[in-house]
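Summary of the model geometry
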Amino acid sequence: MTIEWAFNAMYGLLSAGFWFWLNAQTRHRERLQAELNDLRKELNTVMLNYVRRDDYIRNEAVMSAKLDSIQGMISDLWKQPNRG
């Protein structure tokens, strides 16, 4: 067993170990990237269905005003004498 043989053996083992480590890191990165893409899609879905509190209050106020207007019109119609 010479120093050259030991060096070559050690170099081969280190190269194989590095390859396995790099391969595992690549697979891990790909899994993380896929998970990140899934989270981004889910976030976009949530953002489409999300209504801010201010928007909700504004819409409720508009609908209440419209209903009050309709109620006023119906009350005015009931107050009119029958013309039939």
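Residues numbered from 1 in each chain as written. Predicted model: local features only at pLDDT ≥ 70, side-chain atom pairs only at ≥ 80, totals over all residues. Heavy atoms only, no water.

Topic: the overall build of the chain
Along its length, the chain carries two helices and zero strands. Against the globule reference of 12 Å for 84 residues, the chain gives a C-alpha radius of gyration of 36 Å, more extended than a compact globule. Across its three principal directions, the C-alpha atoms of the chain cover 120 × 25 × 5 Å. Just so you have it, the chain exposes about 8,500 Å², and 62% of that area is on carbon and sulfur atoms. Between the averaged position of the 11 positive side-chain charges in the chain and that of its 10 negative side-chain charges there is a distance of 6 Å. (Helix = DSSP H or I, 4+ residues; strand = E, 2+ residues; numbered from the N terminus. Rg over C-alpha atoms; globule rule 2.2 N^0.38 Å. Areas by Shrake-Rupley, 256 points an atom, 1.4 Å probe, with all protein chains shown as cover. Lys, Arg positive; Asp, Glu negative; His and termini not counted. Charge placed at Lys NZ, Arg CZ, Asp CG, Glu CD.)

Looking at the packing of aromatic side chains
One pass over the full model with this rule turns up two aromatic pairs. Measuring from ring centre to ring centre gives 5.0 Å for Trp19 and Phe20, while their planes differ by 80°; the resulting arrangement is edge-to-face. Owing to a relative accessible area of 55%, Phe20 belongs among the exposed residues under this scheme. (Phe/Tyr/Trp six-rings, centres within 6.5 Å; stacked < 30°, edge-to-face > 60°. Buried < 20%, exposed > 50% of the residue type's maximum accessible area, 1.4 Å probe, protein only.)

Some words on the environment of Thr2
In this fold, Thr2 is placed in the segment before helix H1 (3-49). Between the alpha carbons of Thr2 and Leu77 there is a distance of 111 Å; along the sequence they are 75 residues apart. Reaching out from Thr2, the side chain makes a polar contact with the backbone nitrogen of Trp5 at a distance of 3.2 Å. (Polar contact = N/O pair within 3.5 Å; in protein donor to acceptor, adjacent residues only side chain to side chain.)

Thoughts on the pattern of salt bridges
Scanning all chains against the criterion turns up two salt bridges. When the shortest N-O distance is used, the salt bridge between Asp55 and Arg52 registers 3.8 Å. According to the relative accessible area criterion, Arg52 is partly exposed, its value standing at 44%. Its salt-bridge partner being Arg58, residue Asp55 comes within 3.1 Å of it at the nearest N-O pair. Residue Asp55 and its partner Arg58 are both found in helix H2 (residues 53-79); the two are separated by three residues, about one turn of the helix. Judged by relative accessible area, Asp55 falls into the partly exposed class, the value being 25%. One salt-bridge network, held together by shared partners, links Arg52, Asp55 and Arg58. (Salt bridge = Lys/Arg side-chain N within 4 Å of Asp/Glu carboxyl O.)

A closer look at a nonpolar patch on the surface
Together, Leu67, Ile70, Met73, Ile74 and Trp78 line one region of the surface with nonpolar side chains, adding up to about 600 Å² of accessible area. Position of Ile70 among the secondary structure elements: in helix H2. (Patch = residues over 30% accessible without salt bridge, like charges linked within 9 Å, V, L, I, M, F, W, Y side chains within 5 Å.)

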